[in-house]
Amino acid sequence: MRERRLLERVSYWERGVDRSSQTQAETLVRSICNYLIRLLNTRQGSAPIDPLFGVPDLANVAGGLSSGATADIEEELRRVISRYEPRLLKPRVTAVAQGTEVLSLSFSVSGMIDVDHQLIPLQLSTRLDGNGRLSFV
């Protein structure tokens, strides 16, 4: 399996970049993170080629701390990741308890990646701010 998405490979080829000092796993993790940032910060309906690409507007529920709203966000993020990032196998999204920050929600995104036919666990931390933007921390 290729570590980079097709457009990443084309971009590297156009710039004349052949190899990097990163391992295959590091390259794969970086590529997945970069793609998830783009995917999770794209609003559904804004990609002309696929109206389901991205996530619905989560700004209104980001401030809500009810378990129902948090569970809905977890499921929506998991569904989007499952559909559009097949390199992350068995994705799970779990809300993480936060301290004093009331205008954001933190999530753990985890799953498995396949590197040379070996499954390696991957866990990322992300935060949804009050504006509905997701970022990895």
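Relevant structure appears above.
Sequence order as written defines the numbering, with residues in each chain counted from 1. Totals for whole chains, interfaces and linings use all residues, but because this is a predicted model, local features are given only for residues with pLDDT of at least 70 and pairs of side-chain atoms are given and counted only at 80 or more. To obtain the side-chain values, all non-hydrogen atoms of the structure were included, while hydrogens and water were left out.

(A) View of the overall build of the protein. From N to C terminus, the protein includes four helices and four strands. When the helices and strands of the protein are read in sequence order from the N terminus, they spell out α-α-α-α-β-β-β-β. We call a residue buried when its accessible area falls under 20% of the maximum for its residue type, exposed when it is over 50%, and partly exposed in between, using a 1.4 Å probe and counting protein chains only. Across the 137 residues of the protein, 36% fall into the buried class. Reported accessibility uses the Shrake-Rupley method at a 1.4 Å probe radius. Residues are deemed covered only where the shown protein chains occlude them. Carbon and sulfur atoms form 53% of the exposed surface of the protein, whose accessible area is close to 8,400 Å². Each helix corresponds to a stretch of at least 4 residues labelled H or I by DSSP, and each strand to a stretch of at least 2 residues labelled E; elements are numbered beginning at the N terminus.

(B) Region of the structure containing the nonpolar core. Among the nonpolar cores identified, the biggest contains 26 residues, and L39, L40 and L77 are the most heavily contacted of them. Secondary-structure elements contributing two or more residues to this core are helix 2 (24–40), helix 4 (67–84), strand 2 (105–115) and strand 3 (118–128). A per-element tally of this core places helix 2 first, with seven residues. Residues in contact with L40, not counting those within four places in the same chain, are V55, L77, V80, I81 and L134. To define a nonpolar core, start from buried Ala, Val, Leu, Ile, Met, Phe, Trp, Tyr and Cys residues and group those joined through side-chain atoms within 4.5 Å. The contact criterion used is simple: two residues touch if any of their non-hydrogen atoms lie within 4.5 Å.

(C) Region of the structure containing unusual backbone geometry. For K90, which is not glycine, the phi dihedral falls at a positive 50 degrees. Structurally, K90 is set in strand 1 (residues 89–96). With phi around 50 degrees, D116 is a residue other than glycine that occupies positive phi space. Within the secondary structure, D116 sits in the loop between strand 2 and strand 3. On the basis of relative accessible area, D116 is assigned to the exposed category, the value being 55%.

(D) Examining the sheet that holds strand 4 (residues 134–136) more closely. Read across the open sheet, the four strands follow the order 1-2-3-4; overall the sheet is antiparallel. Each edge of the open sheet is held by one strand with a lone partner, namely strand 1 and strand 4. This sheet shows a mean twist of 30 degrees between the axes of neighbouring strands, independent of strand direction. Bridging between strand 2 and strand 3 involves 11 bridges; their strand directions are antiparallel. Within strand 3, the residue paired with S108 across the bridge is S125. Lines fitted to C-alpha atoms define the axes here, with helix axes fitted over just the stretch in contact, and angles between the N-to-C directions of these axes take values from 0 to 180 degrees. Packed on one face of the sheet, helix 2 meets strand 2, strand 3 and strand 4 and runs near 140 degrees to strand 2. Strands qualify as paired when DSSP identifies two bridges or more between them.

(E) Examining the side chain of R87 more closely. With respect to the element layout, R87 can be found in the loop between helix 4 and strand 1. Given the relative accessible area of 7%, R87 is considered buried. Between N or O atoms, a polar contact is any pair within 3.5 Å; within protein, one atom must be a potential hydrogen donor and the other a potential acceptor, and residues adjacent in sequence are included only when both atoms are from side chains. A polar atom in the side chain of R87 sits 2.8 Å from the side chain of S31. Here E85 takes part through its side chain, which lies 2.9 Å from a polar atom of the side chain of R87.

(F) Just helix 2, in detail. The end-to-end C-alpha distance of helix 2, which contains 17 residues, comes to 24 Å, matching closely the 24 Å that a straight helix rising 1.5 Å per residue would cover. Those residues of helix 2 lying buried are T27, L28, S31, I32, C33, Y35, L36, L39 and L40. The length a helix should cover is 1.5 Å for every residue beyond the first.

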